[in-house]
Amino acid sequence: MKVVNLKQAILQAWKERWSDYQWAINMKKFFPKGATWDILNLADALLEQAMIGPSPNPLILSYLKYAISSQMVSYSSVLTAISKFDDFSRDLCVQALLDIMDMFCDRLSCHGKAEECIGLCRALLSALHWLLRCTAASAERLREGLEAGTPAAGEKQLAMCLQRLEKTLSSTKNRALLHIAKLEEASSWTAIEHSLLKLGEILANLSNPQLRSQAEQCGTLIRSIPTMLSVHAEQMHKTGFPTVHAVILLEGTMNLTGETQSLVEQLTMVKRMQIWKACFVGLIESPEGTEELKWTAFTFLKIPQVLVKLKKYSHGDKDFTEDVNCAFEFLLKLTPLLDKADQRCNCDCTNFLLQECGKQGLLSEASVNNLMAKRKADREHAPQQKSGENANIQPNIQLILRAEPTVTNILKTMDADHSKSPEGLLGVLGHMLSGKSLDLLLAAAAATGKLKSFARKFINLNEFTTYGSEESTKPASVRALLFDISFLMLCHVAQTYGSEVILSESRTGAEVPFFETWMQTCMPEEGKILNPDHPCFRPDSTKVESLVALLNNSSEMKLVQMKWHEACLSISAAILEILNAWENGVLAFESIQKITDNIKGKVCSLAVCAVAWLVAHVRMLGLDEREKSLQMIRQLAGPLFSENTLQFYNERVVIMNSILERMCADVLQQTATQIKFPSTGVDTMPYWNLLPPKRPIKEVLTDIFAKVLEKGWVDSRSIHIFDTLLHMGGVYWFCNNLIKELLKETRKEHTLRAVELLYSIFCLDMQQVTLVLLGHILPGLLTDSSKWHSLMDPPGTALAKLAVWCALSSYSSHKGQASTRQKKRHREDIEDYISLFPLDDVQPSKLMRLLSSNEDDANILSSPTDRSMSSSLSASQLHTVNMRDPLNRVLANLFLLISSILGSRTAGPHTQFVQWFMEECVDCLEQGGRGSVLQFMPFTTVSELVKVSAMSSPKVVLAITDLSLPLGRQVAAKAIAAL
């Protein structure tokens, strides 16, 4: 018999009373291969016929159940067909549909194409909406039944509806599929929310507590679907004291002027509780002098400001003040640490810190008073200092806190017109030079972000005083002093806080001030080699000749109408002339003494400029040619004992000597020469010359790492040694050797401690270290089978953790500016990374060429159904991320390598390492962080990852896929539906 259509075939089966398996055999005869049952809408047709009467047709329903069990029809087509039924008054039909849902609602799956999997998500969403409407209708009927006195029937149906709802929603897999469907069809999700509200209103008056709690539970599960991804491990909150300490240490000693925002971002990744502890440890172990003042300013001025910004990241003011209060409660338990800090600072440190936090609104007044009282009680048992010891010395903390408003006042004074009251301005600046006032003010300015503005004002003053026309002796000496003090202050700032603080934003067409020009071209700095024959040291010869004559013939320097900027630029060439004359016997040593006295007699800045050139000159001379140049530096460094000096001479000489000592440090070390600079009573260079002589730097690196590993935290001396070694050995050498040390560790607790320490050490230059670690070291370990044994647990797990932490830190911060300390270092050339990792199809990267030795071709990674999808296509490419950026490039290639290893037929420690790496990526994900490093993972990796038992969970799939992209949703749906 020839059957015209599906409806006729079903009717014939019913008329002839075929059994279910008979029906299936005949259906396959009637409909030849080609079209699938879903395309013919079999499920729809069966349900339509089954639901014609007031009660369902049991025979046709048996056909549908057989079709579901034998997978003739897909789950999505059945769910879609059920959700079309809307006559909820027909109890028996509704119950039959609920029974059919009961067959499979908690074990949905789909092994077809990605589009079919997305179809399952949409069908499940429709079915959820249908279930909610059905539940609401049943609840409505129950309410009516209660009023009429016949509650039993309505209650049974409501219980059935809620049971199916709970069964469907209790599956994480189903909720994950619904999450994808919500992103696909926002309007349908809105309809579900409305149905949920309506159901809530109806059920509010329900007397049965069991049904009501069941309904509330279902509502909670539905409302949790949009936020499924926010329930993740807090990013990096496993980080303990070593990391926090080193982050704080680096910022406190090497980057006080840095933006608070970048520190805020770093500290959101680590425990807040540990911040104060790290500050106090830094304060105790900082060397006396400028370093101690920097630490004081950092702890009492900058950190409270950072916490104010950190407060904005938290979910509520109340929570945050509670956090800060808890942090102080934790700190108060560390009594020996606080006693030691109080002893070092000669005051109650906690008291000052609590007052500052109270002022900034970080603690309530009640909390401040409570904490102060606790600390006061503890201090009564503290070891007392000897009577009279330090009694008259004001604590640095008090001085720093007092210096902060003074900075603001000085900035206002500097804004005034310099020509109107130069003497008044000179009085203010002179006062700044006395004792440690200058360092106090600079530390306070640096910690509160005002140092750049401070430097700008001094550059403007210096520029204003370079030349004065038609002046008498008094104004000329005031102008000379203002020029000299501003010049010395700017040199001191550049050496203490980095030359970046001085440089202005580049403005096209604007004239660069004299001091900026001199500093960039003539001032020696760490890592900067100057050419003594550079044109900047060779100004107009007539000016040089007149300056030489003036220095040689006059008894003292002239001041009236002196162009100081010209004198500073001409002094280098003048010194060369004088040196040549001395070496050739034209000038005697007495004449040289008279000339050097003239140079430093009135303005110290001339001596600074002269020594700057001499330092560059000495570097170029042979061992036997240096004596006279070094002797001249000695002559310029000593103070002049004369009645005829200008105001504030001793104060200016102190600053001059500290500038000269720093300028000469490099060259004196290289030439093994000693020059005794007049002592200021404080070590001006506490972290200088740390490396032991005649020892290979690799030995120094392994020794110092072993010491900090044993101690468990990085002290300030060690971090400076690491910084020096990083400068000397380069990033690759430094990173590679430290990773080798990590891979030698075999005890789990040691490897975890080493990870925290290495992360903190790598903060010295996180960007460059990450490029080397992810771009060179990891690929080298993963592609060389002779090194795979080193990736076994525990060192392998630790390295995976470290790599992920570094990747996340660098990726989250690399859009911002590199910090001051990192800018000084040589940056890798972007072109190096482009040639190492090309991302086009024409030229395979070195990595992919290495991988081609594996038996698997990179293109076979994708499953047969997804052949069209390129094996390297990732979310980053669809988001058009800039692939000229080295970090993006390195991440993209690392994930290509990971994808290749997961799809390879060869398993080993490297496969296990890749799994740990991916698990750590998932552990460290935050909600909204999916656009971070995982966007570089090829979409094809997802299907490989779910084969790994630890990664085969719907939540993991949602977390690692970019669900903002349609392709990302398809990939996620396909992976989850197959679980």
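These figures come from a predicted structure and were not determined experimentally. (Residues numbered from 1 in each chain as written. Predicted model: local features only at pLDDT ≥ 70, side-chain atom pairs only at ≥ 80, totals over all residues. Heavy atoms only, no water.)

All right, on to the overall build of the chain then. Across its full length, the chain holds 46 helices and zero strands. Relative to all contacts within the chain whose residues are 6 or more apart in sequence, the contacts with residues 24 or more apart total 79%. Summing over all exposed atoms, the chain offers an accessible surface of approximately 42400 Å²; the carbon and sulfur share of this is 51%. (Helix = DSSP H or I, 4+ residues; strand = E, 2+ residues; numbered from the N terminus. Contact = heavy atoms within 4.5 Å. Areas by Shrake-Rupley, 256 points an atom, 1.4 Å probe, with all protein chains shown as cover.)

The next point concerns helix H29 (residues 604–619). The end-to-end C-alpha distance of H29 is 23 Å, a good match for the 22 Å that 16 residues give at a rise of 1.5 Å each. Of all 16 residues that make up H29, 15 are buried, and the element is covered over most of its length. (Expected span 1.5 Å × (residues − 1). Buried < 20%, exposed > 50% of the residue type's maximum accessible area, 1.4 Å probe, protein only.)

Moving on, we get to the nonpolar core. Nonpolar side chains in soluble globular proteins generally cluster together in the buried interior. With 335 residues, the main nonpolar core has Trp23, Trp518, Phe722, Phe734 and Phe762 as its most contacted residues. Looking at which element gives the most residues to this core, the answer is helix H7 (residues 114–148), with 16 residues. In contact with tryptophan 23, not counting residues within four places along its chain, are Ala13, Trp18, Leu42, Leu46, Tyr63, Ala67 and Met72. (Core = buried A, V, L, I, M, F, W, Y, C linked by side-chain atoms within 4.5 Å.)

Right, let's talk about the state of the cysteines for a bit. Counted under the stated rule, the structure contains zero disulfides. For the unlinked cysteine cysteine 121, the closest cysteine sulfur is that of cysteine 117, found at 7.5 Å. Cysteine cysteine 347 is unpaired, with the sulfur of cysteine 349 as its nearest cysteine sulfur at 4.4 Å. For cysteine 347, a relative accessible area of 9% puts it in the buried group. (Disulfide = S-S within 2.5 Å.)

This part is about the environment of phenylalanine 454. With respect to the helices and strands, the residue phenylalanine 454 is situated in helix H23 (residues 451–464). Along the backbone, phenylalanine 454 and threonine 408 are 46 residues apart, and their C-alpha atoms lie at a distance of 9.3 Å. With sequence-adjacent residues up to four places away left out, phenylalanine 454 is seen in contact with Val407, Ile410, Leu411, Met432 and Leu442.

Let us look at the confidence of the model for the chain. Summing up the model confidence of the chain, the mean pLDDT is 79 and the portion of residues at 70 or higher is 84%. Confidence, expressed as mean pLDDT per element, reaches its minimum in the chain at helix H40 (residues 846–851) with 44 and its maximum at helix H34 (residues 731–744) with 92. Predicted confidence for residues 816–821 stays below pLDDT 50, and this span has 13 contacts to residues more than four positions away or in other chains. Segment residues 837–869: pLDDT under 50, and 52 contacts once partners within four positions in sequence are set aside and those in other chains are kept. (pLDDT = per-residue confidence, 0-100.)

Turning to unusual backbone geometry, a few remarks are in order. Of note, the amide linkage connecting aspartate 793 to proline 794 takes the cis form, showing an omega dihedral of 5°. Looking at the element boundaries, proline 794 is found in the loop between helix H36 (766–783) and helix H37 (795–813). Positioned with a positive phi, glutamine 561 is a non-glycine residue whose angle comes to about 55°. Among the secondary structure elements, glutamine 561 is positioned in the loop between helix H26 (541–553) and helix H27 (564–583).

Let us now look at H23. For H23, which comprises 14 residues, the first-to-last C-alpha distance of 20 Å matches the rise-based estimate of 20 Å (1.5 Å per residue) to within 8%. Residues Leu451, Phe454, Ala455, Lys457, Phe458, Ile459, Leu461 and Asn462 constitute the buried set of H23. Buried-residue contacts for H23 involve helix H20 (396–415), helix H21 (422–433), helix H22 (437–447), helix H24 (473–497) and helix H25 (514–522).

Attention now moves to the packing of H36 against helix H42 (residues 886–903). Relative placement of two packed helices is described by the angle separating their axes and the distance separating the axes. H42 packs onto H36 with a crossing angle of 20° between their chain directions and a minimal axis gap of 10 Å. When the interaxial angle is binned, H36 and H42 end up roughly parallel. Our pair here, H36 against H42, has a crossing hand that is left-handed. Side by side, H36 and H42 meet where Gln767, Thr770, Leu771, Leu774, Gly775, Leu778, Pro779, Leu782 and Thr783 of the first sit next to Pro886, Leu887, Val890, Leu891, Leu894, Leu897 and Ile901 of the second. (Axes fitted to C-alpha atoms, helices over the stretch in contact; angles between N-to-C directions. Parallel < 35°, antiparallel > 145°, perpendicular 65-115°, else oblique. Left-handed = near helix turned anticlockwise from the far one by under 90°.)

Among the secondary structure elements, serine 486 is positioned in helix H24. Along the chain, serine 486 and asparagine 462 lie 24 residues apart, while their C-alpha atoms are 5.6 Å from each other. Not counting the four nearest positions on each side in its chain, serine 486 is found in contact with Phe458, Leu461 and Asn462. Reaching out from serine 486, the side chain makes a polar contact with the side chain of asparagine 462 at a distance of 3.1 Å. Here the side chain of serine 486 touches leucine 482 through a polar contact of 2.8 Å, landing on its backbone oxygen. (Polar contact = N/O pair within 3.5 Å; in protein donor to acceptor, adjacent residues only side chain to side chain.)

Side chains that differ in sign of charge can pair as their charged atoms come close. Applying the stated rule across the entire model yields 26 salt bridges. In this structure, glutamate 184 engages arginine 122 in a salt bridge whose closest nitrogen and oxygen atoms are separated by 2.8 Å. With glutamate 184 in helix H9 (residues 172–184) and arginine 122 in helix H7, the pair connects residues that are 62 residues apart, well separated along the chain. Salt bridges sharing partners connect three or more residues here, namely Asp339, Asp342, Asp348, Arg375 and Arg379. (Salt bridge = Lys/Arg side-chain N within 4 Å of Asp/Glu carboxyl O.)

With that settled, the discussion passes to the packing of aromatic side chains. The full count for this structure, using the stated rule, is 16 aromatic pairs. Centroid distance phenylalanine 483 to tryptophan 564: 6.3 Å. Interplanar angle 20°. Geometry classified as stacked. Pair noted here: phenylalanine 483 is in helix H24 and tryptophan 564 is in helix H27, with a separation of 81 residues, a long-range link. Both residues of the pair, phenylalanine 483 and tryptophan 564, belong to the buried class. The interplanar angle of 80° and the centroid separation of 5.8 Å between the aromatic rings of tyrosine 811 and phenylalanine 936 together place this pair among those described as edge-to-face. (Phe/Tyr/Trp six-rings, centres within 6.5 Å; stacked < 30°, edge-to-face > 60°.)

A word on the packing of H34 against helix H35 (residues 748–762). Where H34 contacts H35, the axes come no closer than 10 Å and their chain directions differ by 170°. Considering the angle they form, H34 stands roughly antiparallel to H35. Pair H34 / H35 crosses with right-handed handedness. Only Thr751, Ala754, Val755, Leu758, Ile761 and Phe762 of H35 make contact with H34, whose side of the interface consists of Phe734, Cys735, Leu738, Ile739 and Leu742.

Our focus in this paragraph is the environment of valine 708. Assignment of secondary structure puts valine 708 in helix H32 (residues 697–711). Expressed as a C-alpha distance, the spacing of valine 708 and leucine 757, which sit 49 residues apart in the sequence, is 7.9 Å. Every residue in contact with valine 708, bar those within four places of it in the chain, is listed here: Trp713, Val714, Ser718, Phe722 and Leu757.

Mapped onto the secondary structure, threonine 770 falls in helix H36. Look past the residues within four positions of threonine 770 in its chain and what remains in contact with it is Gly775, Cys806, Ala807, Ser810 and Leu887.

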